[in-house]
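Here's the letter readout for the chains.
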Amino acid sequence: MKRDLITLLDLSHDEIFLIIKEAARLKKRQKKGISDKPLAGKSVAMIFEKPSTRTRVSFEVGITQLGASPVVLHAGEMQLGRGETVEDTARVLSRYVDGIMIRAYSHQSVAALAKAASIPVINGLTDFAHPCQILSDLFTIYEKKNTIEGITIAYIGDGNNVAHSWIMAADQLDFSLRLGCPEGYTPDPEVLAGAPEGRVAVFHDPKEAVADADVVYTDVWTSMGQEAEKQKRLEAFRGFCVTPALMKGARDNALFMHCLPAHRGEEVAADVIDGKQSIVFDQAENRLHAQKAIMFFLIAEENHT
Ligand code: CP
Ligand code: NVA
């Protein structure tokens, strides 16, 4: 049976750790100049409906490093943009390639693509979830702190796709997630309802949210596709910028993380993102290693008919 990664709920607790350990192993081997090619002879399609820097480059480089050929497709240039269904697109691509990574607006479309495809489909971000980002962030935290379970993560900002994936990570792994979101911008109540009792808490005061945090995490206030709301959001999120003063409310050795792209002076102060506690570029690098592990897990062992 082929497996997909559409949300983190597609993986078990043990599989998440398996991928984190594999990411660490692949990273170590790459740093030593050893190249593994477990996807030799295969091809992986990448479909983009939205812009991307990190996902685009880290997937393409990762696919190549694993020995496979990347096929980059811009949704607007495909027949998908002219009325061909996602299901037919999935069936056709399944005859050519061994896996699909897709970044799209609609989560439902990505789920439909995965359902119709006979090959693994990886969600490279939808309006609802960003599982590759959070898996790779879990790897980064594991690398820095040697553990994930037992720690406290404060997510400050919009209850968006990234926040949803953090909540789904907390469904599976035993860490404490404290979300600090303005009223009206809290995560989807159904996603929140899935988290085990006591593991996820929502605050409307960012100072309360960062109390005892080992990691302070933020994301943009205006996600891709929400540009028309930018002004309204700038006002709604006033007071939710991760400043040096806010960081002082977290633990002394707290790390600062951001999935990037960042807007200095909006969701994060330059002094924080460019300061000593920030690990955002190690975090960005780890997209490469974590996604190689995801593809190794989902695609390498697969035999499709
Ligand atoms: N963090 C992230 O997914 O970055 P890109 O939008 O550049 O891919
Ligand atoms: N929430 C952001 C994440 C970007 C990586 C967006 O969807 O635009």
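Residues numbered from 1 in each chain as written. Chains lettered and ligands numbered in written order. Predicted model: local features only at pLDDT ≥ 70, side-chain atom pairs only at ≥ 80, totals over all residues. Heavy atoms only, no water.

Draft legend 1. Structural view of the overall build of the protein. Each helix and strand in the protein was counted, giving twelve helices and nine strands. Against the compact-globule benchmark of 19 Å for 305 residues, the protein has a radius of gyration of 19 Å, which places it among compact chains. Taken along the three principal axes of its C-alpha coordinates, the protein extends 55 × 45 × 35 Å. Taken over 305 residues, the protein has a buried fraction of 54%. Restricting the contact set of the protein to residue pairs at least 6 apart, pairs at least 24 apart contribute 75%. Element-wise, carbon and sulfur atoms account for 49% of the exposed surface of the protein, whose accessible area totals about 13100 Å². (Helix = DSSP H or I, 4+ residues; strand = E, 2+ residues; numbered from the N terminus. Rg over C-alpha atoms; globule rule 2.2 N^0.38 Å. Buried < 20%, exposed > 50% of the residue type's maximum accessible area, 1.4 Å probe, protein only. Contact = heavy atoms within 4.5 Å. Areas by Shrake-Rupley, 256 points an atom, 1.4 Å probe, with all protein chains shown as cover.)

Draft legend 2. Spotlight on the sheet that holds strand β1 (residues 43–48). Within the open sheet, the four strands sit side by side as β2-β1-β3-β4. Their pairing is parallel. The open sheet terminates on both sides in strands that have one partner only, identified here as β2 (69–74) and β4 (121–123). Across this sheet, the average inter-strand angle for adjacent strands is 20 degrees, counted without regard to direction. When strand β3 (residues 99–103) meets β4, the two strands line up parallel, connected through three bridges. By the bridge assignment for β4, I100 is matched with V121. (Pairing = 2+ DSSP bridges. Axes fitted to C-alpha atoms, helices over the stretch in contact; angles between N-to-C directions.)

Draft legend 3. Representation of the site of ligand 1. Lining the immediate surroundings of ligand 1 are S52, T53, R54, T55, R103, H130, Q133, C259, L260 and R287. Note that an oxygen atom of ligand 1 is positioned 2.6 Å from one of the side-chain N or O atoms of S52. Contacts to ligand 1 include Q133, whose side-chain N or O atom sits 2.9 Å from a nitrogen atom. Burial of ligand 1 by the protein amounts to 95% of the accessible area it has alone, namely 260 Å². When its residues are assigned to classes, the shell around ligand 1 shows two nonpolar, five polar and three charged. (Near = heavy atom within 4 Å. Polar contact = N/O pair within 3.5 Å; in protein donor to acceptor, adjacent residues only side chain to side chain. Nonpolar A, V, L, I, M, F, W, Y, C, P; charged D, E, K, R; others polar.)

Draft legend 4. Looking closely at the site of ligand 2. Every residue lining ligand 2 is accounted for by L125, N160, N161, D219, V220, S223, M224 and L260. Within the contact set of ligand 2, a nitrogen atom lies 3.3 Å away from a side-chain nitrogen or oxygen of N160. Between ligand 2 and D219 there is a distance of 2.6 Å, counted from a nitrogen atom to a side-chain nitrogen or oxygen. When ligand 2 sits alone it has 270 Å² of accessible area, and the protein chains cover 95% of it. In terms of residue class, the shell around ligand 2 is built from four nonpolar, three polar and one charged.

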